[in-house]
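Survey of secondary and tertiary structure
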Amino acid sequence: MKIAAIVALAATIFAAPRAQAHAFLDHASPAVGSSVPAAPATVMMWFTQQLEPAFTSATVTDKSGNLVDAGPAQVDPKDPTELRVPLKPLPPGTYSVAWHALSVDTHTTTGHFIFTVGGG
Amino acid sequence: MHRVICRGLAAVTVAALLPSAEAMAHGFAGDRFFPATILTDDPFVADEMSLPTVTLNPTQSDGSREFDVGTDLSMLITPKLDFTLSNDWAHTRIPGMSTQTGLTGLTTGTQYQLFINAEHEAMALAALDVTWGNTGRVAAGAPAFTTISPTFDFGKGFGDLPDSVPWLRPFALTGNLSLNFPTETETNGSPNPNSLFYGFAIEYSIPYLQSQVRDLGLGPPFNRMIPLVEFALTSPFNRGQTGTTTGTVQPGVIWAGQYFQVGAEMMIPTNSLSGHGIGGVVQLHFYLDDLFPNSIGRPISKWFQQ
């Protein structure tokens with residue numbers, strides 16, 4: 001009986017749904033810290049885990065802190081690890097991306113990076 | 001401006017809806033992820049487990065050499081409070097004597113997260129650790145007396161450095177400061193001094209470099225590596241033992257995955273009192289909050305909540 005209870009307890013503990021984890025930024029386009037010759041139309045970010053669309057966000061600002069994104073960030077429904085931010089036409093300069101990601105198991109992560117358009 | 005306010009309200013709403021998510025995460029302060037270091041106590045409370053930690057210590061000044069297999073468990077009671085358990089099995093070879101094996105004694109601890117500052121990637125905790133006497137094999141090195149150790153641990157990432165020094169931003173520092181108070185002043189005529197323990201780990205995070213500063217295009221396994229140097233010193237300060245500081249310097253690397261991490265470090269004695277030659281340590285460490293987010297990876301206070 002005791003063994004059965006221990007087995008049941010262990011099964012309850014370890015039979016968790018498929019484990020998920022923190023969503024780290026794997027890579028981005030434009031790449032983190034990169035300089036690109038032409039203004040991108042979209043910032044794309046790929047994460048190490050699937051994202052929860054309702055609670056994942058990102059903003060892009062110029063050096064003065066003004067928002068330059070053309071709309072809210074959206075998780076790609078076909079690839080839930082990808083987050084896209086549409087951009088307004090960007091003049092040459094340095095831009096900052098700030099993201100807040102919620103993976104599907106409710107772990108949150110945040111990050112910032114910059115990219116430069118043209119001569120910066 | 002209106003959009004900024006709306007997004008700010010949305011962020012506040014998200015935070016309000018998910019109050020416990022970040023609190024349960026292991027080792028995060030803002031954009032910074034602190035790995036669990038091998039020698040230096042972590043500055044964060046967490047649901048984690050090291051199993052095993054395998055150590056071949058440098059040869060001691062008396063010629064003995066110890067091989068340890070250890071385990072550590074840390075479990076959250078609440079999002080800010082945890083308890084820890086650790087124990088080692090030791091195999092000690094002593095010149096001219098028979099080899100000694102056995103458990104080295106149980107250490108328990110209670111840790112409270114004092115603060116986590118996301119903007120400055122800083123965190124600290126206060127802990128009370130107890131190494132219990134007569135819970136291991138004394139002949140194998142386990143103490144016959146209990147030692148009480150109030151401890152302060154801190155961590156600081158340097159991501160808040162200015163953009164003019166981007167390559168320094170992946171650096172982080174963690175450290176411990178503790179006082180050790182044995183409950184017996186001597187054992188079999190040998191003094192048990194009070195002592196100060198202080199240790200630091202200097203880390204350079206490749207994941208931070210590539211996701212926050214500059215993507216160098218490093219792929220697996222390098223994109224998850226965190227090179228580091230740890231050092232720890234113990235300085236007795238009474239009972240005739242003042243000036244007998246011992247310690248090790250441990251350069252190595254931690255590979256931090258999604259659910260576990262692996263660390264390996266060399267062990268270099270800081271002086272002849274600390275031994276001679278080189279030892280080594282490897283550790284497999286599991287993030288229980290990521291492996292079991294709906295059961296034992298949650299604070300115990302939330303185990304029975306929906």
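Residues numbered from 1 in each chain as written. Chains lettered and ligands numbered in written order. Predicted model: local features only at pLDDT ≥ 70, side-chain atom pairs only at ≥ 80, totals over all residues.

1. Considerations on the overall build of chain B
Helices and strands together make up the secondary structure of chain B, namely four helices and 17 strands. With respect to the three principal axes, the spread of C-alpha positions in chain B is 75 × 45 × 35 Å. By the burial criterion, 38% of the 306 residues in chain B qualify as buried. (Helix = DSSP H or I, 4+ residues; strand = E, 2+ residues; numbered from the N terminus. Buried ≥ 20, exposed ≤ 12 C-beta atoms within 10 Å, placed from the backbone.)

2. Thoughts on the sheet that holds strand E4 (residues 57-61) of chain A
Residues and elements named next belong to chain A. One open sheet accounts for four strands, arranged E2-E8-E7-E4; its pairing is mixed. Whereas interior strands pair on both sides, the edge strands pair on one side only; in this sheet they are strand E2 (35-36) and E4. In this sheet, strand E8 (residues 108-117) lies alongside E2 in parallel orientation, the contact comprising two bridges. Among the inter-strand pairings, Val36 is bridged to a residue of E8, identified as Val117. (Pairing = 2+ DSSP bridges.)

3. Describing helix H3 (residues 206-213) of chain B
Counting buried residues in H3 of chain B gives eight out of eight residues, a clear majority hidden from the surface. If you check which residues of H3 of chain B are buried, you get Ile206, Pro207, Tyr208, Leu209, Gln210, Ser211, Gln212 and Val213 of chain B. Next to the buried residues of H3 of chain B lie strand E1 (25-29) and E8 of chain A together with strand E2 (32-33) and strand E14 (225-236) of chain B. (Contact = placed C-beta atoms within 7 Å.)

4. Concerning the pairing of E14 of chain B
Bridge count for strand E13 (residues 195-204) of chain B against E14 of chain B is nine bridges, and the pairing is antiparallel. Note on E14 of chain B: the bridge partner recorded for Phe200 of chain B is Phe231 of chain B.

5. Some remarks on the confidence of the model for chain A
Put simply, chain A has an average pLDDT of 85, and 82% of its residues get 70 or more. The low-confidence segment residues 8-19 of chain A (pLDDT under 50) makes 13 contacts with residues lying over four places distant or belonging to another chain. (pLDDT = per-residue confidence, 0-100.)

6. Quick look at the environment of Thr110 of chain A
You can see Thr110 of chain A is positioned in strand E8. For Thr110 of chain A, a count of 15 C-beta atoms within 10 Å gives the class partly exposed. The spatial distance from the C-alpha of Thr110 of chain A to the C-alpha of His100 of chain A is 4.5 Å, given a sequence separation of ten residues. When neighbours within four sequence positions are excluded, Thr110 of chain A is seen to be in contact with Trp99 and His100 of chain A together with Gly30 and Asp31 of chain B.

7. Here we look at unusual backbone geometry
Looking along the chain, the bond that leaves Ser29 of chain A and enters Pro30 of chain A is cis, with omega of 0 degrees. For Pro30 of chain A, the location among the structural elements is in the loop between E1 and E2. Phi at Glu121 of chain B takes a positive value of approximately 50 degrees, unusual for a residue other than glycine. Taking the number of C-beta atoms within 10 Å as the measure of exposure, Glu121 of chain B has 23 and is therefore buried. Even without being a glycine, Asn134 of chain B presents a positive backbone phi close to 60 degrees. Within the element layout of this structure, Asn134 of chain B appears in the loop between strand E8 (122-131) and strand E9 (147-157).

8. A look at the nonpolar core
The biggest cluster of nonpolar side chains holds 35 residues, and the ones touching the most others in it are Met45, Phe47, Leu51, Ala58, Leu83, Tyr95 and Val97 of chain A. Tallying contributions element by element places strand E7 (residues 93-102) of chain A first for this core, with five residues. Once residues within four sequence positions are removed from consideration, Ala58 of chain A is found in contact with Met45, Ala73, Leu83, Val85, Val97, Ala98 and Trp99 of chain A. Of all hydrophobic cores here, the second largest spans 15 residues; its members include Phe28, Phe34, Ala124 and Ala172 of chain B. (Core = buried A, V, L, I, M, F, W, Y, C linked by C-beta atoms within 7 Å.)

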